[in-house]
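Chain and residue survey
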Amino acid sequence: MTVFLCSKCGTAITPELTELAAVPDVSDDERDRDKETRRAPSTVPRGHYAIDPEPWGPPYVVQDDQEDPKPAQSRGPVVCREEGFVISAGSRHTVLVHPDDAAGLQPLPNWVNSSGCCGPTGNEGLNRACPCGAPVATLAADCFGPFELHLDPVRAYAFSQ
């Protein structure tokens, strides 16, 4: 079992979690979204975590193929900016957890990096902080993308018993 802690203050961010061998495949079918929140099913089930080997979040770079763009990051939508379609060049090996397994995290002041339609898209960078105030995670919880929480691999660390 593994607990994730804040690198700044050592506070436990999660309860004990069990590692999954890989990031689970989740449905992106509109019929599987919650009828009230429009959120997708969580990428990771409660009580578990997975290491996402793919880049997540900013910075973004322009994609080479502008005619057939790919999603900006795993399980996310295609993103077009002024310069064209972009793809994440952000951190690899973020720790994916069910958002409810880190319930003590709070939005950054003034909801920094939390824009979206029905919740934060997760495309702007860290948007959740430890109770000590240190930004440690990115919540993606909008109505058109995945529902997952990415713990930053530098700002949070694992403690296994």
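Please refer to the structure higher up on the page.
Report follows, based on the coordinates.

Some thoughts on the side chain of Asp101
Structurally, Asp101 can be placed in the loop between β7 (94–97) and β8 (106–107). A distance of 3.2 Å separates polar atoms of two side chains, one belonging to Asp101 and the other to Arg46. Leave out the neighbours within four places in its chain, and Asp101 touches Ile13, Thr14, Pro15, Leu17, Pro45, Arg46, Gly47 and His48.

Let's talk about the packing of aromatic side chains
This structure, assessed with the given rule, holds 1 aromatic pair. Residues Phe4 and Tyr49 carry aromatic rings whose centres are separated by 4.9 Å and whose planes lie at 80° to one another, so their mutual orientation is edge-to-face. With Phe4 in strand β1 (residues 2–6) and Tyr49 in strand β3 (residues 48–52), this pair connects stretches of sequence that are 45 residues apart. Grouping residues by exposure puts Phe4 and Tyr49 together as buried. The positively charged end of Arg81 is found above the aromatic ring belonging to Tyr60, 4.8 Å away from the centroid.

Observations regarding the pattern of salt bridges
Tallying each qualifying case throughout the model produces 5 salt bridges. With a shortest N-O distance of 3.5 Å, Glu30 and Arg33 are connected by a salt bridge. Between Glu148 and Arg75 there is a salt bridge, with its nearest N and O atoms 2.9 Å apart. One end of the pair, Glu148, is in strand β11 (residues 148–151); the other, Arg75, is in the loop between β4 (60–62) and β5 (79–81), and 73 residues separate them in sequence. On the basis of relative accessibility, which here comes to 0%, the residue Glu148 falls in the buried class.

A closer look at the sheet that holds β5
Within a beta sheet, neighbouring strands are joined by backbone hydrogen bonds and run either parallel or antiparallel to one another. Overall, antiparallel pairing links the 3 strands, which are arranged β4-β6-β5 in an open sheet. Bordering the open sheet on either side are β4 and β5, each of which pairs with just one other strand. Across the sheet, the mean angle separating the axes of adjacent strands is 50° when strand polarity is ignored. Sheet topology places β5 next to strand β6 (residues 84–88); 3 bridges connect them, and they run antiparallel. By the bridge assignment, Arg81 is partnered in β6 with Gly84.

Observations regarding the sheet that holds β7
As summarised here, the arrangement of the 7 strands in space is β2-β3-β7-β11-β10-β9-β8, forming an open sheet in which the pairing is mixed. The open sheet has two edge strands with one neighbour each: β2 (18–19) and β8. Direction of pairing for strand β10 (residues 135–140) relative to β11: antiparallel, over a ladder of 4 bridges. From the neighbouring strand, Ala137 faces β11, where its bridge partner is Leu151.

Considering unusual backbone geometry
That bond from Pro58 to Pro59 is cis: its omega, 5°, falls within 30 degrees of zero. Checked against the element boundaries, Pro59 lands in the loop between β3 and β4. Backbone geometry at His93 places phi at a positive 65°, although glycine is not the residue there. Relative to the helices and strands, His93 resides in the loop between β6 and β7. The phi dihedral of Trp111 falls on the positive side, at around 55°, and the residue is not glycine. Using a relative accessible area of 56% as the deciding quantity, one classes Trp111 as exposed.

A closer look at the side chain of Thr14
By secondary structure assignment, the location of Thr14 is in the loop between β1 and β2. For Thr14, a relative accessible area of 6% corresponds to the buried category. Sequence-distant contacts of Thr14, defined by excluding residues within four places in its chain, comprise Thr2, Val3, Phe4, Asp101, Ala102 and Leu151.

The rules behind the values
- Residues numbered from 1 in each chain as written.
- Predicted model: local features only at pLDDT ≥ 70, side-chain atom pairs only at ≥ 80, totals over all residues.
- Heavy atoms only, no water.
- Helix = DSSP H or I, 4+ residues; strand = E, 2+ residues; numbered from the N terminus.
- Polar contact = N/O pair within 3.5 Å; in protein donor to acceptor, adjacent residues only side chain to side chain.
- Contact = heavy atoms within 4.5 Å.
- Phe/Tyr/Trp six-rings, centres within 6.5 Å; stacked < 30°, edge-to-face > 60°.
- Buried < 20%, exposed > 50% of the residue type's maximum accessible area, 1.4 Å probe, protein only.
- Lys NZ or Arg CZ within 6 Å of the ring centre and 35° of its normal.
- Salt bridge = Lys/Arg side-chain N within 4 Å of Asp/Glu carboxyl O.
- Pairing = 2+ DSSP bridges.
- Axes fitted to C-alpha atoms, helices over the stretch in contact; angles between N-to-C directions.

Shape is all these values report; function is a separate question.
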